[in-house]
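Understanding the architecture of this molecule
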Amino acid sequence: MNITGIDVHTYMVKDLSRAIAFYRDVLQLPLAPTIGENGAEFELPDGSTFELWNPAEANWPWERGHGIMFAVADAREAVAELRSRGVTIGDPMDNRMCFTAIGEDSEGNQLVIHQRKP
């Protein structure tokens, strides 16, 4: 077996409509044309897919998502723009290999902005 990549990253959400509005309107992710009753997908420019899923129909308990980092060219610029749209997010942290800023989405999931260093 050779794992060739990750097909989709998923966050559970409490209110699908509110979460779609956050990721579509605030983060400006492109919403994929197919939306199911309990979920939505966003197709990113690099070919990766980000999904929102409301597990209420499946009787699964909601769990806070963490660990997905959204790539940006300039973390400081991205943080300033997100703050202007009402997002609560920390200042970019300068790590050895990258800059990261951590905040929250409309559902309480961790939102991470990530800029790789050259």
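Everything in this summary refers to the structure shown in the same document. Every chain's residues receive numbers from 1 upward, in the order its sequence appears when written. The model is predicted, so local features are restricted to residues of pLDDT at least 70 and side-chain atom pairs to those at 80 or more, both for listing and for counting; the totals for chains, interfaces and linings are taken over all residues. Heavy atoms from the whole structure form the basis of all side-chain values; hydrogens and water molecules are not counted.

1. Points about the sheet that holds strand 6 (residues 93-94)
Going by this rule: Being paired, for any two strands, means DSSP has found at least two bridges between them. A run of H or I in DSSP becomes a helix once it reaches four residues, and a run of E becomes a strand once it reaches two; helices and strands are each numbered from the N terminus. The contact criterion used is simple: two residues touch if any of their non-hydrogen atoms lie within 4.5 Å. Each axis is a line fitted through C-alpha atoms, and for a helix only the stretch in contact is used; angles between axes span 0 to 180 degrees, taken between their N-to-C directions.
Strand order in the open sheet formed by four strands is 5-8-7-6, and the pairing between neighbours is mixed. The open sheet has two edge strands with one neighbour each: strand 5 (69-71) and strand 6. As judged from the two bridges shared by strand 6 and strand 7 (residues 98-104), these two strands associate in the antiparallel manner. Bridge pairing in strand 7 links Asp94 to Phe99. In the packing of helix 2 (residues 75-84) onto the sheet, the strands contacted are strand 7 and strand 8 (110-116), and the crossing angle to strand 8 comes to about 150 degrees.

2. A word on the pairing of strand 7
To keep things clear, this is the line we draw: Accessibility here uses a 1.4 Å probe with only protein chains present; expressed as a share of the type maximum, an area under 20% marks a residue as buried, one over 50% as exposed, and anything in between as partly exposed.
Counted residue by residue, strand 7 has five buried out of seven residues, so it is predominantly covered. Following strand 6, the chain reverses through three residues before pairing antiparallel with strand 7. Of the pairings in the sheet, the one linking strand 7 to strand 8 comprises seven bridges and is antiparallel in character. Bridge assignment links Thr100 to a residue of strand 8, and that residue is His114. With antiparallel pairing between neighbouring strands as the criterion, strand 7 and strand 8 make up a hairpin whose turn holds five residues, including Gly108 at a positive phi of roughly 95 degrees.

3. Details of the pairing of strand 4 (residues 49-53)
The element strand 4 is largely enclosed, with a buried count of four among its five residues. Of the strand pairs in this sheet, strand 1 (residues 9-12) and strand 4 are connected by four bridges, and their pairing is parallel. Across the sheet, Met12 pairs through a bridge with Trp53, a residue of strand 4. Pairing of strand 3 (residues 39-43) with strand 4, which is carried by five bridges, proceeds in the antiparallel orientation. If you follow Phe42 over to strand 4, its bridge partner there is Phe50. Hairpin connection from strand 3 to strand 4: five residues lie between these consecutive antiparallel strands, with Gly47 at a positive phi of about 95 degrees.

4. Digging into the packing of aromatic side chains
This is how the line gets drawn: Ring pairs are drawn from Phe, Tyr and Trp, using the six-membered ring of Trp, whenever the two centres fall within 6.5 Å, and their geometry is named by plane angle: stacked under 30 degrees, edge-to-face over 60, tilted for the rest. Two thresholds decide whether a charge sits over a ring: the Lys NZ or Arg CZ must be within 6 Å of the ring centre and within 35 degrees of the ring normal.
By the definition in use, this model includes seven aromatic pairs. Centroid distance Phe50 to Phe70: 5.2 Å. Interplanar angle 80 degrees. Geometry classified as edge-to-face. Taken together, the residues span a long stretch of sequence, with Phe50 in strand 4 and Phe70 in strand 5 at a distance of 20 residues. Three or more aromatic residues link up through ring pairs in this structure, and these residues are Tyr11, Phe22, Tyr23, Phe42, Phe50 and Phe70. When the ring centre of Phe99 is taken as reference, the NZ or CZ atom of Lys117 above it lies at 4.9 Å.

Coordinates in, geometry out; function isn't part of it.
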